[in-house]
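Chain residues, written in single-letter form:
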Amino acid sequence: PENQRSIQTQAELEICMARFDNEALDVFLKSDHADKIEVLKLDNNRLTDAAIDLLLSSDRLENLKSLNLLNNPTTSEGVRRLKEDSRLGPITLIR
């Protein structure tokens, strides 16, 4: 019918304040679910610059539209590399 609306859902994963670390991120990025995620919220965890390297090298994030890495122990160099990335930089919230 003409009144029928299309409902779009967004695949979102939120793992906050859970001691989520680089190893856990690596496992997730290798999972069957990583390529479906559009919003990834990983704030207040234990992700370091090694996690940034994993994100930058992953080919599983083609649908990602939003990435939150606030309050993780990353360095200014790691943040710079992420922000300069043409794919992930524009969608990333980090400090």
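Structural data are supplied above this passage.
Worth saying up front: this structure is predicted, and the values here are computed from it rather than measured. (Residues numbered from 1 in each chain as written. Predicted model: local features only at pLDDT ≥ 70, side-chain atom pairs only at ≥ 80, totals over all residues. Heavy atoms only, no water.)

With respect to the helices and strands, the residue N63 is situated in the loop between α2 (49-57) and β3 (66-68). According to the relative accessible area criterion, N63 is partly exposed, its value standing at 36%. Put simply, N63 and E38 are 25 residues apart on the chain and 5.3 Å apart in space, counted from C-alpha to C-alpha. Setting aside residues no more than four positions away along its own chain, N63 makes contact with D35, K36, I37 and E38. Here the side chain of N63 touches D35 through a polar contact of 2.6 Å, landing on its backbone oxygen. (Helix = DSSP H or I, 4+ residues; strand = E, 2+ residues; numbered from the N terminus. Buried < 20%, exposed > 50% of the residue type's maximum accessible area, 1.4 Å probe, protein only. Contact = heavy atoms within 4.5 Å. Polar contact = N/O pair within 3.5 Å; in protein donor to acceptor, adjacent residues only side chain to side chain.)

Inspection of the secondary structure assignment puts N68 in strand β3. Here N68 falls in the buried class, since its relative accessible area comes to 13%. Reaching out from N68, the side chain makes a polar contact with the backbone nitrogen of L70 at a distance of 2.9 Å. Non-local contacts of N68, meaning those with residues more than four positions away in its chain, are made with L40, K41, L42, D43 and L93.

Let us now look at the sheet that holds β3. In space, the four strands of this open sheet follow the order β1-β2-β3-β4, with parallel pairing throughout. This sheet does not close on itself; its edge strands, each paired only once, are β1 (12-14) and β4 (92-93). In this structure, β3 lies alongside β4, joined through two bridges in parallel fashion. Note that in β4 the partner of N68 across the bridge is L93. (Pairing = 2+ DSSP bridges.)

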